[in-house]
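# Notes for the structure review
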Amino acid sequence: MDWLQVLVLAVIQGLTEFLPISSSAHLILAPVLFGWTDQGLAFDVALHLGSLAAVVLYFRRDLINMTLSWTRSVTHREMNDDARLAWGVLLATIPVGLAGLLFKDVIEQQLRSPLYIAAGLIVFGLVLSWADWRHRGEREVNQMTWKDVLLIGLAQALALFPGTSRSGITMTAGLLLGMSREATARFSFLLSIPVIVIACALKSWDLYNSTLPIDWAFMAGGVIMSGISAFLCIHFFLAFIKRIGMQPFVIYRIILGIALIWLFA
């Protein structure tokens, strides 16, 4: 690796982790399109740590309130909106956690080809377009039912298929359930926290059992640059989502999917 590859991959991770365009697809494709060697497991962990730091920092006040309320709900059985949101995030994480443990090897070994990614980008992009166009509502996060939370969690498990986009599929589910764009984006970003923690834990375990050399300078640079780009992405996406909607991201997904089919079919 060199610093240009570090910068490009870090920015790609920071932006695509939270935009509905699939971070895994872009991280798989970037080395293929630019002729780079694979960035390696250690650097993947660094990129995800940067994204995790960004979302925790951005939602720090929400997370503090959720944690305190969740604790009271356990110790004193006091339930408020923040406690319900915390429980909702935990419940919605269970399906993707189980799916990741059961199908991790199959996905990494058999579904990482550009054509599978193209299919995921196009198919789930069209579903996102339909959800945003026909089913968007005005419900807020505190109006979600436990059924809504479970359905969004089940949808999130589909993000293990490359090209789907974790943020994209959870926002799609939220929109189909009548949530507003801002509400479904906020819940999707909060859901990313335990998912990234799980992904980092699994990759760190794999890294612990490997003999791969680690370039700590590149690791630090990846964390910092991924974190900065992710923080800015969250801020501007939430600021403009009501006005811009999902259709620009759908168009991008379809164009990228068609380009991949043309290049690799």
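The following refers to the structure shown.

Reading the values: the criteria
- Residues numbered from 1 in each chain as written.
- Predicted model: local features only at pLDDT ≥ 70, side-chain atom pairs only at ≥ 80, totals over all residues.
- Heavy atoms only, no water.
- Helix = DSSP H or I, 4+ residues; strand = E, 2+ residues; numbered from the N terminus.
- Buried < 20%, exposed > 50% of the residue type's maximum accessible area, 1.4 Å probe, protein only.
- Contact = heavy atoms within 4.5 Å.
- Salt bridge = Lys/Arg side-chain N within 4 Å of Asp/Glu carboxyl O.
- Patch = residues over 30% accessible without salt bridge, like charges linked within 9 Å, V, L, I, M, F, W, Y side chains within 5 Å.
- Areas by Shrake-Rupley, 256 points an atom, 1.4 Å probe, with all protein chains shown as cover.
- Expected span 1.5 Å × (residues − 1).
- Arc of directions from axis to C-beta.
- Core = buried A, V, L, I, M, F, W, Y, C linked by side-chain atoms within 4.5 Å.
- Phe/Tyr/Trp six-rings, centres within 6.5 Å; stacked < 30°, edge-to-face > 60°.

## Points about the overall build of the chain
Check the secondary structure of the chain and you find 11 helices and 0 strands. For the chain, the spread of C-alpha atoms along the principal axes amounts to about 55 × 40 × 35 Å. With 265 residues in all, the chain has 49% of them scored as buried. Partitioning the intrachain contacts of the chain with sequence separation of at least 6 by distance along the chain shows that 81% fall at a separation of at least 24.

## With respect to the pattern of salt bridges
Applying the stated rule across the entire model yields 5 salt bridges. Arg84 is paired through a salt bridge with Asp81; the nearest N and O atoms lie 2.8 Å apart. Taken together, the residues Arg84 and Asp81, both in helix H5 (residues 81-110) and 3 residues apart, mark about one turn of the helix.

## What to know about a nonpolar patch on the surface
Residues Val32, Leu33, Phe34, Leu115, Ile261, Trp262, Leu263 and Phe264 make up a contiguous nonpolar surface patch of about 810 Å² in total accessible area. Elements represented by at least two residues in the nonpolar patch include exactly helix H2 (23-34) and helix H11 (247-264). Sorting elements by how many residues they give to the nonpolar patch places H11 first, with 4 residues. For Leu33, the position within the fold is in helix H2. Owing to a relative accessible area of 46%, Leu33 belongs among the partly exposed residues under this scheme.

## Re the environment of Leu57
Along the chain, Leu57 turns up in helix H3 (residues 41-58). Leu57 sits 170 residues away from Gly227 along the chain, and the two C-alpha atoms are 9.6 Å apart.

## A word on helix H4 (residues 60-75)
Its 16 residues give H4 an end-to-end C-alpha distance of 22 Å, which sits within 8% of 22 Å, the value for a rise of 1.5 Å per residue. Of the residues making up H4, those classed as buried are Leu63, Met66, Ser69 and Ser73. Each buried residue of H4 sits inside an arc of 140 degrees when the element is viewed along its axis, so together they form one side. Exposed positions of H4 whose direction lies more than 90 degrees from the buried face are Arg61, Ile64 and Thr75. Downstream of H4 by a residue or two, Arg77 has a phi angle that is positive, lying close to 55 degrees.

## A look at the nonpolar core
With 43 residues, the main nonpolar core has Phe187, Phe189 and Phe237 as its most contacted residues. The element best represented in this core is helix H9 (residues 181-208), accounting for 9 residues. Ignoring sequence-local partners within four residues, the contact set of Phe187 consists of Leu85, Gly88, Val89, Ala92, Val141, Met144, Val149 and Ile152. Listed in part, the 9 residues of the second largest apolar core include Ile12, Ala30, Leu47 and Phe218.

## Observations regarding the packing of aromatic side chains
Counting across every chain of the model gives 11 aromatic pairs. For the ring pair Phe34 and Trp36, a centre distance of 4.8 Å and an interplane angle of 25 degrees mean the geometry is stacked. Ring geometry for Phe237 versus Phe249: centroids 5.6 Å apart, planes at 55 degrees, classification tilted. Placement of Phe237 in helix H10 (residues 216-244) and of Phe249 in helix H11 is noted, with a sequence separation of 12 residues between them. Of the residues examined, Phe249 reaches a relative accessible area of 13% and is grouped as buried. Taken together through their ring pairs, the aromatic side chains of Phe18, Tyr58, Phe59, Phe189, Phe231, Phe237 and Phe249 make up a single cluster.

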